[in-house]
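Reading the structure
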Amino acid sequence: MAELHVELVAADRKVWSGEASLVVARTSSGDIGVMPGHQPLLGVLESGPVTIRTTGESGNGTVVAAVHGGFISFADNQLSLLAEVAELTDEIDVERAERALEQAKSKADEDAEKRADVRLRAVTAAR
C-alpha cells in the first residue's frame, strides 16, 4: 500500500509524525484529502479537526487532532502540517473544553468559542 510521510507540528512542539494513507484537513479553500501521489500543494489551514489514517509501524488506525490555523504543504509524498496550535484528541480535556465553550458563549467571545468548538469536534470525530 502506498504511504505518505506526515509531520504535524505546532509552534511549540512536534505533535505527531508517521506514515499515513490519507489525511483530511480544513483549508481556506475548503476541506482537502491528501493521499500518496497527490499533486504538490501549499495552503492555509483553517481551525478544524485534522484526520490522519495511519499505516506502517504505527499500525492501521486513525489519529485526530484539533488544529487552529497554520499551513499545509505536500510534495514528494511528504505532508507537513504547520499549525499555530494543535492538540491530539487524547490530550483534550472534554469537560474543560465544554466549560470553555459555555464561558465563551456567555462572554460573546467568538474566537474562544471557535477554539473550544474545534476541540470538541475533534474528540467527536475520533470516536
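Procedures and definitions
Residues numbered from 1 in each chain as written. Predicted model: local features only at pLDDT ≥ 70, side-chain atom pairs only at ≥ 80, totals over all residues. Heavy atoms only, no water. Core = buried A, V, L, I, M, F, W, Y, C linked by side-chain atoms within 4.5 Å. Buried < 20%, exposed > 50% of the residue type's maximum accessible area, 1.4 Å probe, protein only. Helix = DSSP H or I, 4+ residues; strand = E, 2+ residues; numbered from the N terminus. Contact = heavy atoms within 4.5 Å. UniProt positions renumbered as here; feature names shortened; annotations may be inferred. Expected span 1.5 Å × (residues − 1). Polar contact = N/O pair within 3.5 Å; in protein donor to acceptor, adjacent residues only side chain to side chain. Patch = residues over 30% accessible without salt bridge, like charges linked within 9 Å, V, L, I, M, F, W, Y side chains within 5 Å. Areas by Shrake-Rupley, 256 points an atom, 1.4 Å probe, with all protein chains shown as cover. Salt bridge = Lys/Arg side-chain N within 4 Å of Asp/Glu carboxyl O.

**Thoughts on the nonpolar core**
- Judged by nonpolar contacts, the single largest core of 25 residues is most densely connected at Val6, Leu8, Val23, Ile52, Val67, Leu79 and Leu81.
- Of all the elements in the fold, those that place two or more residues in this core are strand 1 (4-10), strand 2 (13-27), strand 3 (30-34), strand 4 (41-45), strand 5 (48-55), strand 6 (61-75) and strand 7 (78-88).
- Non-local contacts of leucine 8, meaning those with residues more than four positions away in its chain, are made with Lys14, Val15, Trp16, Ala65, Val67, Leu81 and Ala86.
- Counting ten residues, the second-largest nonpolar core is a separate cluster that includes Ala66, Ala97, Leu101 and Val118.

**What to know about the UniProt feature "coiled-coil region" (unreviewed entry) in the chain**
- As recorded in UniProt, the sites labelled "coiled-coil region" (unreviewed entry) are residues 85-114.
- The span residues 85-114 is 63% helix and 13% strand, and its two end C-alpha atoms sit 13 Å from each other.

**A word on helix 2 (residues 110-126)**
- Compared with an ideal rise of 1.5 Å per residue, which puts 17 residues at 24 Å, helix 2 spans 24 Å between its outermost C-alpha atoms and is within 8% of the ideal.
- Among the residues of helix 2, those classed as buried are Ala112, Ala116, Val118, Leu120, Ala122 and Val123.
- Buried positions along helix 2 lie against strand 5, strand 6 and helix 1 (94-107).
- Two to three positions downstream of the cap, the backbone nitrogen of aspartate 111 sits 3.3 Å from a side-chain oxygen, assigning the N-cap of helix 2 to aspartate 109.

**Description of a nonpolar patch on the surface**
- Judged by side-chain polarity, Leu42, Val44, Phe71 and Leu82 come together as a nonpolar surface patch covering roughly 400 Å² of accessible area.
- One can find phenylalanine 71 in strand 6.

**Concerning the environment of alanine 100**
- Tracing the backbone through its elements, the reader meets alanine 100 in helix 1.
- The spacing of alanine 100 and valine 34 is 66 residues in sequence and 32 Å in space, taken between C-alpha atoms.

**Concerning the pattern of salt bridges**
- Applying the stated criterion to the full structure yields five salt bridges.
- In this structure, arginine 26 engages aspartate 31 in a salt bridge whose closest nitrogen and oxygen atoms are separated by 2.7 Å.
- Residue class for arginine 26 comes out partly exposed when judged on its relative accessible area of 32%.
- For the salt bridge of glutamate 87 with arginine 119, the shortest nitrogen-to-oxygen distance reads 2.6 Å.

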